[in-house]
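Residue strings, one per chain:
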Amino acid sequence: MAVAFEVTGAERGAWAVLRVCGELDLVTSPVLRQRVHDAVAEGHHSLVLDLSDVFFCDSSGVGVLIASRRLIRSCQGRLRLILPDRGAEDGSHVNRVLGALGVRRLFDVRADVAAATADGPDSLTA
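Residues numbered from 1 in each chain as written. Predicted model: local features only at pLDDT ≥ 70, side-chain atom pairs only at ≥ 80, totals over all residues. Heavy atoms only, no water.

**Regarding the pairing of strand β3 (residues 46-57)**
Logical step 1: For β3, the tally of buried residues reaches nine of twelve residues, placing the bulk of the element in the interior.
Logical step 2: Pairing geometry for strand β2 (residues 15-24) and β3, over eight bridges, is parallel. Across the sheet, A16 pairs through a bridge with L47, a residue of β3.
Logical step 3: Taken together, the five bridges between β3 and strand β4 (residues 78-82) define a ladder with parallel strand orientation. Bridging across to β4, L47 finds its partner in L79.
Logical step 4: Crossover β3 to β4 through helix α2 (residues 59-74) is right-handed. (Buried < 20%, exposed > 50% of the residue type's maximum accessible area, 1.4 Å probe, protein only. Helix = DSSP H or I, 4+ residues; strand = E, 2+ residues; numbered from the N terminus. Pairing = 2+ DSSP bridges. Right-handed = clockwise from strand over helix to strand, strands pointing away.)

Here it is as structure tokens:
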């Protein structure tokens, strides 16, 4: 059974929100990379990646997230990830992968779109 990968975009105030669904892996990560580059090229320097519906992420997916962070920082922009914490048993796969690799601290992680697009202070990130 093939699972569809999809990246959809929306705007919420000053934020561009890219909602990612499916597996973020070697085959699909170039799609997300291109969508992030397109958003930045369109002038969106405040970007939310909603990863709530990503149920698998491999090293190439993590690489795209880190590259996206680097790109946004080079524009003096802001990047926030949505990684809901549903508990240890069924929590976000991406959250667990980033934590296991020790790179979760690099990202400003929020629970939902409302929290990610709020104009509160950014979290401290390395």
